[in-house]
Amino acid sequence: MRLILILATFLLTACGGGDPTGRVQATGTPPDAQLPAKPSAPTPEPPQAASKAEVEILNSAAMYVEFERQAAELAKPLLPKPRTNDPIVGGNKSQTGVFTPAPGPQSPGAPPTFNRGFGDRNQGLINSVLAGHDAEVQAIAEAAKLLGIPAPTGALDDDHKAYLGVIKGPDNRVSGTSFAAEQTVIHSTMIGEVEAFLNDNPDTRLRRWAEGFLATLKARLKDVQATN
């Protein structure tokens, strides 16, 4: 009898009708077969570091913006006062009602008296600089954030301090002529820096900011050259 059972088990196994281990496989997959390993998630690439050229152009732009603010504040007293028809003491009023200040000495270090011709030529530039200062600082800060670096402070270097010194003059009397000359220098220099940066760094992440900044610089230089 034992021999018959052994033979029967052997025949069932040979014909695929049984499993000597007692486990029936419905799919034919070996019970100990391992499933394919899931692919691991790709390792994120480290953030791209800011290049030396990107850091330098943002520093230069921040110094330009701060220089322009200080220069505009220096020149602001040279702008003409609002025109009025009211009686004014200490000056003369022409038949058109335009006030002409009475001449008088100006001591060194005193606030500069306004200059009608200078104001008529440069009022738009000065107002544009002062009105746009905060937005330009913010744009530079956003550009720095894009690179993952701190926003530049805009602290003036020796060259920019020297430009301001020329505007002030040796006796601290602001010169409209010097203001216009230094505006030409500072804008021409900054335009050259931005253009060189864009040419040398075609794939920079700062391209959009730099192109907008360049357009502002060229518009201001055009105003300076047209009015002085």
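Residues numbered from 1 in each chain as written. Predicted model: local features only at pLDDT ≥ 70, side-chain atom pairs only at ≥ 80, totals over all residues. Heavy atoms only, no water.

Engineer: Which parts of the structure should I look at to understand the packing of helix H5 (residues 176-200) against helix H6 (residues 207-227)?
Structural biologist: The description of two packed helices rests on the angle between their axes and on the distance between the axes. One can describe the packing of H5 onto H6 by two numbers: an axis separation of 9 Å at closest approach and a directional angle of 155°. By the angle between their directions, the pair H5 and H6 is classed as roughly antiparallel. Crossing handedness for the pair H5 and H6: left-handed. For the pair H5 and H6, the contacting residues are Ala-180, Gln-183, Thr-184, His-187, Ser-188, Met-190, Ile-191, Val-194, Glu-195, Phe-197 and Leu-198 in the first and Arg-207, Ala-210, Glu-211, Phe-213, Leu-214, Leu-217, Lys-218, Arg-220, Leu-221 and Val-224 in the second. Taken together, the residues of the contact of H5 with H6 break down into twelve nonpolar, four polar and five charged. (Axes fitted to C-alpha atoms, helices over the stretch in contact; angles between N-to-C directions. Helix = DSSP H or I, 4+ residues; strand = E, 2+ residues; numbered from the N terminus. Parallel < 35°, antiparallel > 145°, perpendicular 65-115°, else oblique. Left-handed = near helix turned anticlockwise from the far one by under 90°. Contact = heavy atoms within 4.5 Å. Nonpolar A, V, L, I, M, F, W, Y, C, P; charged D, E, K, R; others polar.)

Engineer: It is not clear to me how the environment of Ala-215 should be interpreted in this structure. Could you clarify?
Structural biologist: On the secondary structure map, Ala-215 appears in helix H6. Placed 24 residues apart in sequence, Ala-215 and Ile-191 show a C-alpha to C-alpha distance of 9.1 Å.

Engineer: What exactly am I supposed to notice about helix H4 (residues 158-168) here?
Structural biologist: Since the α-helix advances by 3.6 residues per turn, residues separated by three or four positions end up pointing in the same direction. For H4, the complete set of buried residues consists of His-160, Leu-164 and Ile-167. Buried residues in H4, looked at end-on, bunch into an arc of 55°, giving them a common side. For H4, the N-terminal cap is Asp-157; the gap from its side-chain oxygen to the backbone nitrogen of Asp-159 is 3.3 Å. Just past H4, the residue Gly-169 takes up positive phi, approximately 85°. (Buried < 20%, exposed > 50% of the residue type's maximum accessible area, 1.4 Å probe, protein only. Arc of directions from axis to C-beta. Polar contact = N/O pair within 3.5 Å; in protein donor to acceptor, adjacent residues only side chain to side chain.)

Engineer: What exactly am I supposed to notice about the packing of aromatic side chains here?
Structural biologist: The description of two aromatic rings rests on the distance between their centres and on the angle between their planes. Under the defined criterion, the tally for this structure stands at three aromatic pairs. When the centroid spacing of 5.7 Å and the interplanar angle of 70° are considered together, the rings of Tyr-64 and Phe-213 count as edge-to-face. Within this pair, whereas Tyr-64 is found in helix H2 (residues 52-75), its partner Phe-213 is found in helix H6, the two being separated by 149 residues in sequence. By relative accessible area, which is 1% here, Tyr-64 ends up buried. Between Phe-67 and Tyr-163 the ring centres are 6.0 Å apart and the planes differ by 80°, which places this aromatic pair in the edge-to-face class. Residue Phe-67 is located in helix H2, and its partner Tyr-163 is located in helix H4; the two are separated by 96 residues in the primary sequence. What makes Phe-67 buried here is its relative accessible area of 0%. Following the ring pairs from residue to residue traces out a cluster consisting of Tyr-64, Trp-209 and Phe-213. (Phe/Tyr/Trp six-rings, centres within 6.5 Å; stacked < 30°, edge-to-face > 60°.)

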